[in-house]
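# Summary of the model geometry
One-letter residues, chain by chain:
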Amino acid sequence: MWLFCLGKYSDGSSPSDEWFKHGKMMKAHPVSGSGEKAKDPVFGLTMGAASQASADVFRWFCVESGSADNHSVLLIHGFPSQAYSYRKVLPTLAKNYHAIAFDWLGFGFSDKPQPRYGFDYTLDEYVASLESVINEIGSDKVSIVVQACFPSLIGYFSPVVVKYASNHQEKLKDLVLLNPPLTEKHANLPSTLSIFSNFLLGEIFSQDPLRASDKALTSSGPYKMKEDDAMVYRRPYLTSGSVGFALNAISRVMKKELKKYVEETRTILMDKSWKVQTTVCWGRRDRWLNYDGVEDFCKDSNHKLIELAMAGHHVQEDCGEELGQIISGVFSERR
């Protein structure tokens, strides 16, 4: 059963408010911990409501398009992106599918609990929360499109989805990976991201939307951010420090565990027991992930590879309409 509520994000009209109107809040995944009020990690002061966990179940912002009677397709963003990144893909998929884009916990308009107060942003927690979201949707089977996002936490959300899928292959019909980390060369954090893992300096830089959002989104390919789009992406950073602290927590986990996550992903996708129909869409103008080895990996693992010559790492931003058509074509071939 879906549990939704509607609302306006602020009193003044802005692009982020208009986007928020298109979405709904879904409740999924129980809040853990003692219920203690979250405190600032630097000064120890009690934080505002935006950094506090919900009382019982987390709230997720999602935008859905298309008939709920059709096959459900989840569109999963990377960091520091949001469901907003799929705004050009949703209309195309909506013609034949029930497309759902959501903000991860810690991002966009979803709950952003302070680390250690209900959610620690670990890979295992994200896997469990994804399972809760899919169970809440209630479909027998879903298809998933997920962006790996190098400066947006390379190797974090792709492994989250792949690890979930490895334990629930019966729930997935198709998996589409957008510029995922597939080789050993993809297991190194760039300075754009690693700076956020530093103590104190990371806390400071993660509160700057120009560095944490704009730079990370535009430095990995040809994507040129329009001001209206930037206002949507910056909004969480301008209204609360909670999204920045989530960035700190994930960056520190990734700095320590990235290579292991990438290797686990490779192993799962190449295992003979992997039965989920998998497609890799690769933007060839990716400045962060080298294409070397990607074609060989797809051949060895028998996964379909589709190249987008004009796209960078953020494929859905560079070629949103084209990507929507590609995804629809891939799904229709396997009906």
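Thresholds, definitions, all that
- Residues numbered from 1 in each chain as written.
- Predicted model: local features only at pLDDT ≥ 70, side-chain atom pairs only at ≥ 80, totals over all residues.
- Heavy atoms only, no water.
- Helix = DSSP H or I, 4+ residues; strand = E, 2+ residues; numbered from the N terminus.
- Rg over C-alpha atoms; globule rule 2.2 N^0.38 Å.
- Contact = heavy atoms within 4.5 Å.
- Areas by Shrake-Rupley, 256 points an atom, 1.4 Å probe, with all protein chains shown as cover.
- Disulfide = S-S within 2.5 Å.
- Buried < 20%, exposed > 50% of the residue type's maximum accessible area, 1.4 Å probe, protein only.
- Pairing = 2+ DSSP bridges.
- Salt bridge = Lys/Arg side-chain N within 4 Å of Asp/Glu carboxyl O.
- Core = buried A, V, L, I, M, F, W, Y, C linked by side-chain atoms within 4.5 Å.
- pLDDT = per-residue confidence, 0-100.
- Phe/Tyr/Trp six-rings, centres within 6.5 Å; stacked < 30°, edge-to-face > 60°.
- Lys NZ or Arg CZ within 6 Å of the ring centre and 35° of its normal.
- Axes fitted to C-alpha atoms, helices over the stretch in contact; angles between N-to-C directions.
- Parallel < 35°, antiparallel > 145°, perpendicular 65-115°, else oblique.
- Nonpolar A, V, L, I, M, F, W, Y, C, P; charged D, E, K, R; others polar.

Attention shifts here to the overall build of the chain. Within the chain one finds twelve helices and eight strands. For 335 residues, the compact-globule estimate of 2.2 N^0.38 gives 20 Å, and the C-alpha radius of gyration of the chain, at 18 Å, lies within 12% of that figure. Principal-axis analysis of the C-alpha atoms gives the chain an extent of 55 × 40 × 40 Å. A separation of at least 24 residues holds for 80% of the contacts in the chain among residues at least 6 apart in sequence. As presented, the chain carries roughly 13,600 Å² of accessible surface, and 49% of it is formed by carbon and sulfur atoms.

Attention shifts here to the state of the cysteines. Under the criterion given, the structure shown has zero disulfides. Its sulfur unpaired, C319 is 11 Å from the next cysteine sulfur, which belongs to C281. Assessed through its relative accessible area of 9%, C319 is described here as buried.

Counting buried positions over the seven residues of strand β6 (residues 172-178) gives six, a clear majority of the element. Pairing of strand β5 (residues 142-147) with β6, which is carried by five bridges, proceeds in the parallel orientation. Bridging across to β6, V142 finds its partner in L172.

Turning next to unusual backbone geometry. Its identity is not glycine, yet Y121 carries a phi of approximately 65°, on the positive side. Relative accessible area serves as the criterion here: at 0%, Y121 is assigned to the buried category. Backbone geometry at N179 places phi at a positive 45°, although glycine is not the residue there. Looking at the secondary structure, you find N179 in the loop between β6 and α5 (191-194). Note on N179: relative accessible area 0%, which makes it buried.

Another aspect to go through is the pattern of salt bridges. Counting across every chain of the model gives 14 salt bridges. Linking D229 and R87 is a salt bridge whose minimum nitrogen-to-oxygen distance equals 3.1 Å. Note that D229 is positioned in helix α8 (residues 227-239) and R87 in the loop between β3 (72-76) and α2 (90-93), a separation of 142 residues in sequence. The same class applies to D229 and to R87, which are both buried. Across the salt bridge formed by E263 and R266, the nearest N and O atoms sit 4.0 Å from each other. A residue pair is termed a helical-turn pair when its members lie 3 or 4 positions apart in one helix, as E263 and R266 do in helix α9 (residues 242-270) at three residues. Through salt bridges with shared partners, a single ionic network connects R87, D229 and E317.

Attention now goes to the nonpolar core. Core analysis: the largest hydrophobic core is formed by 61 residues, its most contacted members being W104 and I144. A per-element tally of this core places α9 first, with twelve residues. Filtering out sequence-adjacent residues up to four positions away, W104 remains in contact with W60, I76, H77, S110, Y126, S129, L130, F157 and V160. If you look at the next biggest cluster of nonpolar residues, it comprises 37 residues, including L90, F109, V315 and I327.

A few words now on the confidence of the model for the chain. For residues with low pLDDT, the predicted coordinates do not support detailed interpretation. In the predicted model, the chain carries a mean pLDDT of 86, and 90% of its residues have values of at least 70. For the stretch residues 1-10, pLDDT sits under 50, and the model shows 31 contacts to residues farther than four places along the chain or on other chains. Considering only residues more than four positions removed or in separate chains, one finds that residues 150-155, a stretch of pLDDT under 50, has 40 contacts.

The geometry of an aromatic ring pair comes down to the distance between the two centres and the angle between the two planes. All chains considered together, the criterion is met by 19 aromatic pairs. Measuring from centroid to centroid gives 5.7 Å for F58 and F119, while their planes differ by 80°, and the two rings are edge-to-face. Of this pair, F58 sits in strand β2 (residues 57-65) while F119 sits in the loop between β4 (98-102) and α3 (123-137), and the two are 61 residues apart along the sequence. For F58, a relative accessible area of 0% corresponds to the buried category. Residue classification places F119 among the buried residues on the basis of a relative accessible area of 2%. In this structure an aromatic cluster arises from ring pairing among F58, W60, F102, W104, F107, F119, Y121, Y126 and F157. The ring of F205 is capped by R211, whose NZ or CZ atom sits 4.0 Å from the centre of that ring. We note R284 situated over the ring of Y291; from NZ or CZ to the ring centre the distance is 3.8 Å.

With that settled, the discussion passes to the packing of α9 against helix α10 (residues 294-301). Direction vectors running N to C along α9 and α10 enclose 40°, while the axes themselves pass 9 Å from each other. On the basis of their axis angle, the class for α9 and α10 is oblique. Contact with α9, carried on its side by R266, L269 and M270, involves F297, D300 and S301 of α10 and no other residues of that element. Of the residues assigned to the contact of α9 with α10, the class counts are three nonpolar, one polar and two charged.

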